[in-house]
Amino acid sequence: MSVTLYSTPSCAYCRLAKEYFKSKGVPFTEYNVASDQRKAEEMVRKSGQMGVPVIDINGKVIIGFNKPEIDRALSR
């Protein structure tokens, strides 16, 4: 399973997503798009969004901290 979290340090929903993944034992890779322009551009390409969090679970892109959508993507 591949989980990528695009976030910024000041994003409260990003922190919630990280805590949620940790509580479920889901390993994830986090990219700080505030300091990594290349990853920020990748996030916009994948999602069409400039806001965070953007979560990519096995190619399924989720905008925001949407628990039901995250759970569905994790269960696939």
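That block above? That's the structure.
Treat the numbers as computed from the prediction; the structure is a model and nothing was measured.

Criteria and cut-off values
Residues numbered from 1 in each chain as written. Predicted model: local features only at pLDDT ≥ 70, side-chain atom pairs only at ≥ 80, totals over all residues. Heavy atoms only, no water. Helix = DSSP H or I, 4+ residues; strand = E, 2+ residues; numbered from the N terminus. Rg over C-alpha atoms; globule rule 2.2 N^0.38 Å. Buried < 20%, exposed > 50% of the residue type's maximum accessible area, 1.4 Å probe, protein only. Contact = heavy atoms within 4.5 Å. Areas by Shrake-Rupley, 256 points an atom, 1.4 Å probe, with all protein chains shown as cover. Lys, Arg positive; Asp, Glu negative; His and termini not counted. Charge placed at Lys NZ, Arg CZ, Asp CG, Glu CD. Pairing = 2+ DSSP bridges. Axes fitted to C-alpha atoms, helices over the stretch in contact; angles between N-to-C directions. Disulfide = S-S within 2.5 Å.

Asks: Teacher, can you tell me more about the overall build of the protein here?
Replies: A count of helices and strands for the protein gives three helices and four strands. Shown N-terminal to C-terminal, the secondary structure of the protein runs as helices and strands in the order β-α-β-α-β-β-α. For a compact globule of 76 residues, the expected C-alpha radius of gyration is about 11 Å, and the protein comes in at 11 Å, within 12% of that figure. For the C-alpha atoms alone, the extent of the protein along its principal axes is close to 30 × 20 × 15 Å. Counting all 76 residues of the protein, 38% fall into the buried class. Across the protein, the fraction of contacts at a sequence separation of at least 24, relative to all contacts at a separation of at least 6, is 54%. As displayed, the protein offers around 4,500 Å² of accessible surface, 49% of which is attributable to carbon and sulfur atoms. Side chains of the protein carry 12 positive and 8 negative charges; the gap between the two charge centres is 3 Å.

Asks: Even after reading the chapter, I still don't get the sheet that holds strand E4 (residues 60-63), so can you show me in this structure?
Replies: Sheet strands pair by backbone hydrogen bonding; their relative direction is either parallel or antiparallel. Read from one edge of the open sheet, four strands run E2-E1-E3-E4, paired in mixed fashion. In this open sheet, the two edge strands, each paired with only one partner strand, are strand E2 (29-32) and E4. In this sheet, adjacent strand axes meet at a mean angle of 15° when their direction is disregarded. Pairing analysis gives four bridges linking strand E3 (residues 54-57) to E4, with the strands arranged antiparallel. For Ile57, the partnering residue across the bridge sits in E4 and is Lys60. Where helix H1 (residues 12-23) meets the sheet, its contacts fall on strand E1 (3-7), E2 and E3, and the angle it forms with E1 comes to roughly 155°. Contacting E1, E3 and E4, helix H3 (residues 67-74) runs over the sheet at an angle of about 165° to E4.

Asks: What is the right way to look at the side chain of Glu69 in this model?
Replies: Structurally, Glu69 can be placed in helix H3. Not counting residues up to four positions away in its chain, the partners in contact with Glu69 are Lys60 and Ile62.

Asks: Can you help me understand the state of the cysteines in this one?
Replies: A disulfide bridge is the covalent bond that connects two cysteines by way of their sulfur atoms. This structure, assessed with the given rule, holds one disulfide. The disulfide partner of Cys11 is Cys14, and the S-S distance across this bridge is 2.4 Å. What sets the handedness of the Cys11 and Cys14 disulfide is the S-S torsion sign, and at about 85° it is right-handed.

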